[in-house]
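A closer look at the structure
The chain contents come next:
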Amino acid sequence: MAQIQKPSIPKGTRDFGPAEMAGRNYIFDTIKAVFRTYGYAPIETPSMENLGTLLGKYGEEGDKLLFRILNSGDAFSGIDYSQYELEGDKVYNSKALSLKVCEKGLRYDLTVPFARFVVQHQNELSFPFKRFQIQPVWRADRPQKGRYREFYQCDADVIGSKSQLNELELVQIVDRVFTNFDVNVLIKINNRKVLTGLAEICGFPDKVVDVTVAIDKIDKVGLEAVEAEMMEKGLTREAVDVIEPVLTLEGDTAAKLGVMKSLLGGASASGIVSETGLKGIEELEELFAFIDAAGIRQEVEIDLSLARGLNYYTGAIFEVKAKDFAIGSICGGGRYDNLTGIFGLPDMSGVGISFGADRIYDVLKGLDKFPKEVKASTRVLFANMGADELRYLIPVVRALREAGVPCEIYPEASKLKKQFDYAERKSISFLSITGGNEVEAGVVNIKNLESGEQRTFTKDDLTAMIDFMA
C-alpha cells in the first residue's frame, strides 16, 4: 500500500482561503483605484526572467536571495566539472556552476523586470511612461513574521523624467492609499546622494555601497552593530565618527538639512566638500517644499539614516511604516537614474514606489480595519424550504444576481438552524425564509440578521429588495 503523504507547502508560502482573498482583493482594488487616478496604466511581466537580467542588480546579498530555476531535462549532463574545481579535492565553484545549469530565475522584484520591459518595448511607449504592476515576487529569505518567500508587490513607476514632481506624486499616492485604508503611517524620506556624500567626507568614497548596506540595517541591529560592520568593511574609527552623528540627528526637516548642508559643505572634521552630497540636500529641500505645498495628511519626515539596500537607487528614497502596528516597512521605493542603461538604454531616469500587500494585509487585520462588507461575498441567502419553494425562488434569485446582488440558495432542504449557521459562518447579512404561504401570496420575506428587521416584498419588486439590503 502506498504511503500517504502529509499535505504541505514550502516554508515562506501560504494558502489563501475565501476570507483572506476577499481582504487581499480589497487591498489590490483600493491601490489600483488610486494608481489609476494619477494616470498609471497596468502591465504584467513573466514570473521568471533570464538570470542575466536579475543578477548584479540587487547587490551581493540580493543575488544570494534569487531563486534559480534548474534548466529543463538533465541539466547536469555533459558538464566538465574539472572546469569548476577550486583548491582542494572535489571542491567546486558553486556560483559559476549554478550559472551553467540555471539560465532563468524567479523575479526578485518588479522594478528590474520593468526596466527590461521599457528597453525592450521603448518604441511602443510614450515617455514619461507611467505604469503600475501588481504581481508576486520571490526571495529565498529566512521566513519570519512579516517576511515571506513568495509575496505580492504593488508597484507604481514613472520613467523618462527627472522632475521631482514625480517624487511628490508618489508621496501623494502613499498618503491617499493609507488614508483610504484608515491607517496612520510615517513616510520617511532620504536621498542616496547624501549617503554618497557621507562616504566622501569621511574619506572613503569607494565604500559607498558598504556604508549604505550597513546603515540599512540600523533598525534591525542598532547603531553599535552598524558601526562595527562599517569598520569590518575597512572604515577607520575616525571615519565612523564622522558618520555616527548623522545617524542620530534629531530636529525638524529644516534643522536636519541645515546640519547636513554644513557637514557636506566642509564643516566636518575632514574638511572635505561633497558636491554630490550637496546636490542631494538641494533635491531634498525642493521635494519637501513640494510636500509642504501639497497638504499631505500622513506624517512625513526626513530620516538621514534611511538607506534602502538596493544598489540601483541614486536619488530620493522612501520607506513607509505603520504607526500603530509593529511590523517592518510596508512600502518603499526611490529614484534610479540609469537602471535601463544596463539593458542598452542609458540616461533614462525613473522613480517608483512599491506597496507590500502581504504586510498591509497583516496591518489591516491586526488593526481591524477591513470594512465589514469585505468579509462577506454573499449578500443574501435564500433558505431551502422544499421543491415547490425552490421553483418559485429561482427566478427571483436570477433577477437579483443580474442586478448585481450576490445571492445563494442553500442546496439542501435542511433544518433551518443549519441554514442559519451557514449564513452566520459566511458573514451573510440577509436571510430569506420564503415558505408555502409566501409562495401562495406571491411575496418574498427578507430578514436583516444584524438588526433583526424583517420585511415582505412582492415577488417582482426587486428595487425595494435591493434598497432594503443596501
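Everything below is about the structure printed above this text.
Points about the packing of aromatic side chains
With the rule as written, the count across this model stands at 18 aromatic pairs. Between Tyr26 and Phe370, the aromatic rings sit 6.0 Å apart at their centres with planes inclined by 65°, giving edge-to-face as the arrangement. Of this pair, Tyr26 sits in helix α1 (residues 18–37) while Phe370 sits in the loop between α14 (357–366) and β12 (380–382), and the two are 344 residues apart along the sequence. On the accessibility criterion, Tyr26 (18% relative accessible area) is buried. Consider the rings of Tyr410 and Tyr422, whose centres lie 5.3 Å apart with planes at 75°: the pair is edge-to-face. Taken together, the positions of Tyr410 in the loop between β13 (407–409) and α16 (416–425) and Tyr422 in helix α16 put the pair twelve residues apart, joining distant regions of the chain. Like Tyr422, Tyr410 is buried. It is Arg139 that lies over the ring of Tyr108; its NZ or CZ is 3.9 Å from the centre.

Quick notes on α1
Along its 20 residues, α1 runs 28 Å from first to last C-alpha, staying within 8% of the 28 Å computed at 1.5 Å per residue. Taken residue by residue, α1 has Gly23, Arg24, Tyr26, Ile27, Phe28, Thr30, Ile31, Val34 and Phe35 as its buried positions. Contacts from the buried residues of α1 go to β5 (129–138), β6 (150–159), α6 (165–180), β11 (350–356) and α14.

Details of the environment of Gln144
Within the secondary structure, Gln144 sits in the loop between β5 and β6. For Gln144, a relative accessible area of 39% gives the class partly exposed. Taking the C-alpha atoms as reference, Gln144 lies 7.8 Å from Gly12; in sequence the two are 132 residues apart.

Brief notes about the sheet that holds β6
Pairing between sheet strands relies on hydrogen bonds along the backbone, with the strands arranged either parallel or antiparallel. If you trace the eight strands from one edge of the open sheet to the other, you get β1-β5-β6-β11-β10-β9-β7-β8, paired in mixed fashion. Looking at the sheet topology across the chains shown, the edges are occupied by β1 (41–42) and β8 (299–302). With two bridges connecting them, β1 and β5 associate as parallel partners. Within the sheet, the bridge partner assigned to Ala41 lies in β5 and is Arg131. Sheet strands touched by α6: β5, β6, β7 (185–191), β9 (316–322), β10 (331–336) and β11. Its angle to β11, the strand with the most contacts, is close to 15°.

What to know about the pattern of salt bridges
With the rule as written, the count across this model stands at 22 salt bridges. Residue Asp358 pairs with Arg14 through a salt bridge whose shortest N-O separation is 2.1 Å. In this pair, Asp358 is assigned in helix α14 and Arg14 in the segment before α1, connecting sequence segments 344 residues apart. Here Asp358 falls in the buried class, since its relative accessible area comes to 4%. By relative accessible area, which is 24% here, Arg14 ends up partly exposed. Across the pair Lys417 and Asp421 runs a salt bridge, and its minimum N-O distance is 3.0 Å. In this pair, Lys417 and Asp421 both sit in helix α16, four residues apart, roughly one turn of the helix. Connected through salt bridges with shared partners, the residues Arg14, Arg24 and Asp358 form a single ionic network.

Here we look at the pairing of strand β16 (residues 454–458)
As judged from the five bridges shared by strand β15 (residues 443–448) and β16, these two strands associate in the antiparallel manner. Following the sheet pairing, Lys447 is matched in β16 by Gln454. Hairpin connection between β15 and β16: a loop of five residues separates the two successive antiparallel strands, and Gly452 in this loop has a positive phi of roughly 85°.

Some remarks on the pairing of β6
Of all the ten residues making up β6, eight are buried; the element is thus mostly covered by neighbouring parts of the structure. In this structure, β5 lies alongside β6, joined through ten bridges in antiparallel fashion. Each residue of the ladder has a partner; that of Gln135, found in β6, is Gln153. Bridge count between β6 and β11: seven bridges; the pairing is antiparallel. By the bridge assignment, Gln153 is partnered in β11 with Gly356.

A look at the sheet that holds β13
Here we have five strands laid out as an open sheet, ordered β13-β12-β14-β15-β16, and mixed in their pairing. Bordering the open sheet on either side are β13 and β16, each of which pairs with just one other strand. With direction set aside, neighbouring strand axes in the sheet form an average angle of 25°. Note: β12 against strand β14 (residues 430–432), three bridges, orientation parallel. Bridge assignment links Leu381 to a residue of β14, and that residue is Leu431.

Rules behind the numbers
In every chain, residue numbers begin from 1 and rise along the written sequence. Where local features are concerned, this predicted model is filtered to residues with pLDDT of at least 70; where side-chain atom pairs are given and counted, the filter is 80 or more; whole-chain, interface and lining totals use all residues. Only heavy atoms go into the side-chain values, all of them from the structure, while hydrogens and water stay out. Put simply, two rings from Phe, Tyr or Trp (the six-membered ring, in Trp's case) pair if the centres are within 6.5 Å, and we call them stacked under 30 degrees between planes, edge-to-face over 60, tilted for the rest. Secondary structure elements are defined from DSSP: runs of H or I of at least 4 residues count as helices, runs of E of at least 2 residues count as strands, and each element is numbered from the N terminus. In this scheme, a residue with accessible area under 20% of its type's maximum is buried, one over 50% is exposed, and one in between is partly exposed, where area comes from a 1.4 Å probe on protein chains only. Only Lys NZ and Arg CZ are tested; either one counts as a charge over a ring when it is within 6 Å of the ring centre and within 35 degrees of the ring normal. Helix span is expected to be 1.5 Å times the residue number reduced by one. Contacts: residue pairs with any heavy atoms within 4.5 Å of one another. Criterion used throughout: strands pair if DSSP finds at least two bridges between them. Between N-to-C directions, angles cover 0 to 180 degrees, with each direction set by a line fitted to C-alpha atoms, over the stretch in contact for helices. By salt bridge we mean one thing: a side-chain nitrogen of Lys or Arg within 4 Å of a carboxyl oxygen of Asp or Glu.

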